[in-house]
Amino acid sequence: MLRLCALSSGSSGNALFIESEETRILVDAGISARELTKRLACLGVKPYELSGILITHEHSDHIRGLQVFTKKNQIPVYCTSHTWKFLAVQGVSEICRRVIDSDGSFSVGDLEIEAFPTPHDAADPVGYCVTWQNSKIGIATDLGYIPEYLREKFRQSQMIFLEANHDVPTLLGGKYPHFLKKRILGNLGHLSNDTAAELLAELAGESLQAIVLGHLSRNNNTPEMALSTVQKKLANHCKKADNIAIHVCRHGELGEIISI
Ligand SMILES: [Zn+2]
Ligand SMILES: [Zn+2]
């Protein structure tokens with residue numbers, strides 16, 4: 001069994017906890033070390049029990065707590081060489097460095113990990129598929145659009161953790177300055193509820209059991225809007241939509257534990 005819990009999701013900080021029977025990892029460490037430790041404790045997990053931290057990219061909402069957290073616990077940090085340069089500047093210890101290819105595979109304990117590039121305005125951003133035996137979780141946040149290869153990567157996933165960043169009319173009608181709206185909507189920005197829903201509807205007929213919507217904007221989205229957009233799309237495109245559990249991460253809050 002694979003379990004996932006969003007310790008925090010959204011622009012104020014991103015960190016996912018994933019565990020198999022034997023291995024525990026984080027994807028990103030974007031909240032303070034103190035908060036990471038506290039939220040892991042809520043799950044009964046000690047920092048030293050983690051076998052690795054996979055980093056998606058160097059934006060502060062994904063690495064905020066990394067330096068302090070790994071200094072205390074010396075947990076291996078997996079990231080691309082371009083991303084590492086930024087982490088080194090932040091003072092993350094060389095001892096923790098584990099360089100990966102942006103389209104490579106590697107294992108952490110009994111977890112098989114596959115990285116893939118994501119279109120985002122960072123040095124070398126990636127998403128991940130995490131597989132344990134026959135269970136697979138696909139994870140992609142911070143992406144401006146859905147590249148064709150992502151559909152293939154996510155096929156046969158039992159769980160997908162996908163960004164549903166904003167509701168387009170809310171963003172366009174909101175107070176953000178023009179340049180910021182353009183950045184978010186651009187090809188290297190963030191995924192809208194509609195675009196996320198389209199991909200999920202395409203993948204829903206297969207092995208998918210659980211969807212987790214994450215990285216919601218505090219200002220341009222609500223959990224209710226993200227949920228209803230995805231629910232509607234799934235209901236229209238997939239006969240088995242009722243069999244798929246849809247979870248939404250509330251901005252910055254500790255999420256529920258979801259198992260596949
Ligand atoms: Zn980012
Ligand atoms: Zn982000």
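A. View of the sheet that holds strand β5 (residues 77-79). Read across the sheet, 7 strands follow the order β6-β5-β4-β3-β2-β1-β14 without closing on themselves; strand pairing throughout is mixed. Each edge of the sheet is formed by a strand with only one pairing partner; in this case those strands are β6 (97-99) and β14 (257-259). Direction aside, neighbouring strands of the sheet carry axes that sit 25 degrees apart on average. When strand β4 (residues 52-54) meets β5, the two strands line up parallel, connected through 2 bridges. Its bridge partner lying in β5, Ile53 is registered against Val77. Here helix α3 (residues 66-73) sits on the sheet in contact with β3 (24-27), β4 and β5, set at roughly 160 degrees to β4.

B. Region of interest: the pairing of strand β13 (residues 245-248). In this sheet, β13 lies alongside strand β12 (residues 210-214) in parallel orientation, the contact comprising 4 bridges. Bridge pairing in β13 links Val212 to His247. Note that the unit made of β12, helix α9 (residues 223-237) and β13 has a crossover that is right-handed.

C. Representation of the pattern of salt bridges in the model. The full count for this structure, using the stated rule, is 12 salt bridges. Between Glu49 and Arg24 there is a salt bridge, with the nearest N and O atoms lying 3.4 Å from each other. A residue pair is termed long-range when its members are at least 10 positions apart, and Glu49 in the loop between α1 (33-42) and β4 and Arg24 in strand β3 qualify at 25 residues. Among the residues examined, Arg24 registers a relative accessible area of 23% and is labelled partly exposed. Between Arg250 and Glu224 there is a salt bridge whose closest N-O contact spans 3.1 Å. Taken together, the residues Arg250 in the loop between β13 and β14 and Glu224 in helix α9 connect sequence positions 26 residues apart. Exposure remark for Arg250: the relative accessible area of 42% places this residue in the partly exposed category. Here Glu224 falls in the partly exposed class, since its relative accessible area comes to 47%. Connected through shared salt-bridge partners, Arg3, Glu19, Arg24 and Glu49 make up one network.

Criteria and cut-off values
- Residues numbered from 1 in each chain as written.
- Chains lettered and ligands numbered in written order.
- Predicted model: local features only at pLDDT ≥ 70, side-chain atom pairs only at ≥ 80, totals over all residues.
- Heavy atoms only, no water.
- Pairing = 2+ DSSP bridges.
- Helix = DSSP H or I, 4+ residues; strand = E, 2+ residues; numbered from the N terminus.
- Axes fitted to C-alpha atoms, helices over the stretch in contact; angles between N-to-C directions.
- Contact = heavy atoms within 4.5 Å.
- Right-handed = clockwise from strand over helix to strand, strands pointing away.
- Salt bridge = Lys/Arg side-chain N within 4 Å of Asp/Glu carboxyl O.
- Buried < 20%, exposed > 50% of the residue type's maximum accessible area, 1.4 Å probe, protein only.

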